Amino acid sequence: MYFFYSLCICNHIGCMRSPLWLDMAALVRALRAGRALRGLGSVAVQGTVSPQCRNARRGFHCATLLRLADDSKSGTSVPPPSFHEVPTAGESSSSSEPSEDGQPNTSYQDQSGEHGEDYETEEQLQVRILTSALEFVPEHGWTVEAIAAGAETLGLSSASTGMFNNGAGDLVLHFVAQCNAQLADTLAEQHNLVQLGQAESKEMAEFLRDAVEMRLRMLIPYIDTWPQAMSILLLPHNIPDSLKHLSTMVDDIWYYAGDRSTDMNWYTRRAALTGIYNTTELVMVQDSSPDFEDTWAFLDNRIKDVVNMANTAKQVN
Amino acid sequence: MLRGSQQTILLTAGQPCINSISAVPFVRGYSVLPPTNDEEEKSMLHRMMRVDHAGEYGANRIYAGQMAVLGCTQTRPLIQEMWDQEKKHLSKFNEILGDNRVRPTLLLPLWNIAGFALGAGSALLGKEGAMACTVAVEESISEHYNSQIRTLMEKDPEKYTELLQMIKEFRDDEMEHHDTGLEHDAESVPGYQLMKAIIQTGCKAAIYVSERDVCVCTDHLEHKRAVFAF
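No experiment lies behind these values; they were computed from the predicted model shown.

Calculation notes
Residues numbered from 1 in each chain as written. Chains lettered and ligands numbered in written order. Predicted model: local features only at pLDDT ≥ 70, side-chain atom pairs only at ≥ 80, totals over all residues. Heavy atoms only, no water. Helix = DSSP H or I, 4+ residues; strand = E, 2+ residues; numbered from the N terminus. Buried < 20%, exposed > 50% of the residue type's maximum accessible area, 1.4 Å probe, protein only. Areas by Shrake-Rupley, 256 points an atom, 1.4 Å probe, with all protein chains shown as cover. Contact = heavy atoms within 4.5 Å. Expected span 1.5 Å × (residues − 1). Core = buried A, V, L, I, M, F, W, Y, C linked by side-chain atoms within 4.5 Å. Patch = residues over 30% accessible without salt bridge, like charges linked within 9 Å, V, L, I, M, F, W, Y side chains within 5 Å. Salt bridge = Lys/Arg side-chain N within 4 Å of Asp/Glu carboxyl O. Lys, Arg positive; Asp, Glu negative; His and termini not counted. Charge placed at Lys NZ, Arg CZ, Asp CG, Glu CD. Phe/Tyr/Trp six-rings, centres within 6.5 Å; stacked < 30°, edge-to-face > 60°. pLDDT = per-residue confidence, 0-100. Axes fitted to C-alpha atoms, helices over the stretch in contact; angles between N-to-C directions. Parallel < 35°, antiparallel > 145°, perpendicular 65-115°, else oblique. Left-handed = near helix turned anticlockwise from the far one by under 90°. Nonpolar A, V, L, I, M, F, W, Y, C, P; charged D, E, K, R; others polar.

Q: Any chance you could explain the overall build of chain A here in plain terms?
A: Within chain A, the secondary structure is distributed over 13 helices and zero strands. In chain A, the succession of helices and strands from N to C terminus is α-α-α-α-α-α-α-α-α-α-α-α-α. When the 317 residues of chain A are sorted by exposure, 52% land in the buried category. Here chain A displays about 14,700 Å² of accessible surface, and carbon together with sulfur accounts for 57% of that area.

The structure is reproduced here in structure tokens:
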């Protein structure tokens, strides 16, 4: 038990990237998790661990913590998932682990425990945790508690929130990225149908309106806590990422709307759509009409304005 | 679905467009830019295309400026012919930018004005001035295309076959303009060497700036998409 605690401290000191207070918070959570661990002496904490203490890989110490917590239930030693560059073939033990029913450990599909396509990277694990954390957002808000609750449903320790340096910011950015990916996929499908002649193509204004509405509707399940998410996105260290997500989304919408401009129009169109999207989002968070009718009416009007302006500009030219 | 693979599907499906109402241009059977999922390579290719597009756009405006001044003289057909070739180059780059979702450079208005001013200003020195300007600019552009060809050949000549072919073709056209300019008494303008040096320095500066045209907001988070494919 003491070895485990000293291991945690060693990892936290060795890992240069987390601020100390985050480490302490994670350490406290680890201590709470540690109390639940039994037979830790039987866990083969690998000799490979101490050289990795000095490894600056952010995910390592957290992955170790959550793996050790995981092991408490399986009672076997498992190579940490972030160690895909260290050949730990000697410790293939996943044969026993996935057979337990209480463990929704879907990352090891291959029972032989070989590293390869079934090997989950740290990023994939983070995505899984954040995705499952989303269902706890209505309850806990966009916070680290939601992430912890999400991790627990996957059978991982709540100390795995230490993996997320940005805490709630990671959760919000993940959600935004997920929504944008979904939007892009839907738009691509529609685009393909139009190209195959199986669907009518929409007029540009209607297309933009439908795309923005589709994207904003994805916020509806979280609309009560969305102002909190918006304020998180406006934090200075989150602004570059949130701006990139926003501009990716706007570029996607314009591309599928058929914009192929290669002059200043490229910039003015995207700026206009960004403005429309942001203002409509703001209207939406304080809209209490049934099914957000007022928001869609607002969106309609804004798009009409932009179209009018564009037509006027064309006439003047 | 990865965005990269979406592009691959869009760019390699050879289906003819049935619905002509669609405003989106139909998919071609080949693409000049090889489809890639590697972020760095994609960003390098996009940067190259952005600079080339800006270059052709500028060249277009230079000829427009020259035409504005010398349009009523004997040199009109000569300038028109060279201008038409540049227009073809520009439309090819427009196509590439549109198909591959490459962002055009933010400095286009600047190249618009600067190009026109250079073309008109040099044409005010007469036909020889305009030819001298053509020689200087075309030499810079050829050099630039040559260095791009070198870069691509160093990386992977087979992968970039179509792109290399296109750039070589354009470079040959520019060299032709350069030679035409020399044939038509470019060197007889007073201060030829000085004028040439100034213009070429300007071109080099323009290329340098355009290459570093980084729009922080729009350099997309492509790699994040990949994770949602699981």
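Q: Could you clarify how one ought to interpret the overall build of chain B in this entry?
A: When you go through chain B residue by residue, the secondary structure sums to eight helices and zero strands. When the helices and strands of chain B are read in sequence order from the N terminus, they spell out α-α-α-α-α-α-α-α. A burial count over chain B gives 51% of its 230 residues as buried. Restricting the contact set of chain B to residue pairs at least 6 apart, pairs at least 24 apart contribute 79%. Accessible surface, chain B as shown: approximately 10,900 Å² in total, 58% of it carbon and sulfur.

Q: I tried to follow helix α9 (residues 204–217) of chain A on my own but got confused; where do I start?
A: Since there are 3.6 residues in each turn of an α-helix, residues three or four apart along the chain are aligned in direction. Residue and element names in this part refer to chain A. Its 14 residues place the ends of α9 20 Å apart at the C-alpha level, agreeing with the 20 Å of an ideal helix rising 1.5 Å per residue. Every buried residue of α9 is accounted for by F207, L208, R209, A211, V212, E213, R215 and L216. The secondary structure elements touched by the buried residues of α9 are α8 (168–195), α11 (239–257), α12 (264–285) and α13 (293–316).

Q: Would you mind going over the nonpolar core with me for this structure?
A: If you look at the biggest cluster of nonpolar residues, it comprises 56 residues, and the most contacted ones within it are I129, W142, L171, F175, W226 and I253 of chain A. The biggest single contributor to this core is α8 of chain A, with 10 residues. With residues near it in sequence (within four places) discarded, I253 of chain A still touches L183, L187, F207, L208, A211, V212 and L273 of chain A. L33, A64, I79 and I199 of chain B belong to the second largest nonpolar core, which has 44 residues in total.

Q: Honestly, a negative patch on the surface in this entry has me stumped. Any pointers?
A: All names here are of chain B. Residues E81, E176, D179 and E183 make up a contiguous surface patch of negative charge. For the negative patch, the leading source of residues is helix α6 (residues 161–183), giving three residues. Position of E81 relative to the elements: it lies in helix α3 (residues 76–100).

Q: Any chance you could explain the side chain of Q200 of chain B here in plain terms?
A: Inspection of the secondary structure assignment puts Q200 of chain B in helix α7 (residues 192–211). Apart from the residues within four sequence positions on either side, Q200 of chain B is in contact with A136, E139 and S140 of chain B.

Q: Got a minute to help me understand the packing of aromatic side chains in this structure?
A: Two aromatic rings are characterised by how far apart their centres lie and by the angle between their planes. Residues and elements named next belong to chain A. For the coordinates displayed, the defined rule picks out eight aromatic pairs over all chains. Considering the side-chain rings of F175 and W226, the 5.6 Å spacing of their centres and the 65° angle between planes classify their relative orientation as edge-to-face. A residue pair is termed long-range when its members are at least 10 positions apart, and F175 in helix α8 and W226 in helix α10 (residues 226–233) qualify at 51 residues. There is no split in this pair, since F175 and W226 are both buried.

Q: Before we go on, may I ask you to explain the environment of L134 of chain A in this structure?
A: Residue and element names in this part refer to chain A. If you trace the backbone, L134 turns up in the loop between α5 (122–133) and α6 (137–140). Residue L134 is classed as buried on the basis of its relative accessible area of 4%. A C-alpha to C-alpha distance of 17 Å links L134 and A159, two positions 25 residues apart in sequence. In contact with L134, not counting residues within four places along its chain, are W142, L171, H174, F175, Q178 and Y222.

Q: I would appreciate a short explanation of the confidence of the model for chain A in the present structure.
A: Atomic detail in the predicted coordinates should be set aside for any region of low pLDDT. Residue and element names in this part refer to chain A. Residues at a pLDDT of 70 or more form 63% of chain A, whose mean pLDDT is 76. Looking across chain A, the model is least confident in helix α3 (residues 49–53), with a mean pLDDT of 43, and most confident in α10, with 96. Across residues 10–18 the pLDDT falls below 50, and counting only partners more than four positions away or on other chains, this stretch makes 20 contacts in the model. With pLDDT under 50 throughout, residues 37–104 is counted as low confidence; its partners more than four residues away or in other chains account for 118 contacts.

Q: Can you help me understand the pattern of salt bridges in this one?
A: Here the idea is simple: oppositely charged side chains can pair when their charged atoms come close. The full count for this structure, using the stated rule, is 20 salt bridges over all chains. Ionic pairing is found between K87 of chain B and D84 of chain B, a salt bridge with its closest N-O pair at 4.0 Å. Here D84 of chain B and K87 of chain B lie together in helix α3, a separation of three residues that amounts to about one turn. Classification of D84 of chain B by relative accessible area gives partly exposed; the value is 37%. By sharing partners, the salt bridges in this structure join K202, R209, D210, E213, R217, D291 and D300 of chain A into a single network.

Q: Explain the packing of α3 of chain B against helix α5 (residues 127–155) of chain B here, please?
A: When two helices pack together, their arrangement is given by the angle between the helix axes and by the axis-to-axis distance. Residue and element names in this part refer to chain B. Direction vectors running N to C along α3 and α5 enclose 30°, while the axes themselves pass 13 Å from each other. Relative to α5, α3 is oriented roughly parallel. For the element pair α3 and α5, the recorded crossing hand is left-handed. On the side of α3, the interface is formed by L78, I79, M82, E86 and F93, while α5 contributes M131, T134, E138 and Y145. A per-class count over the contact of α3 with α5 returns six nonpolar, one polar and two charged.

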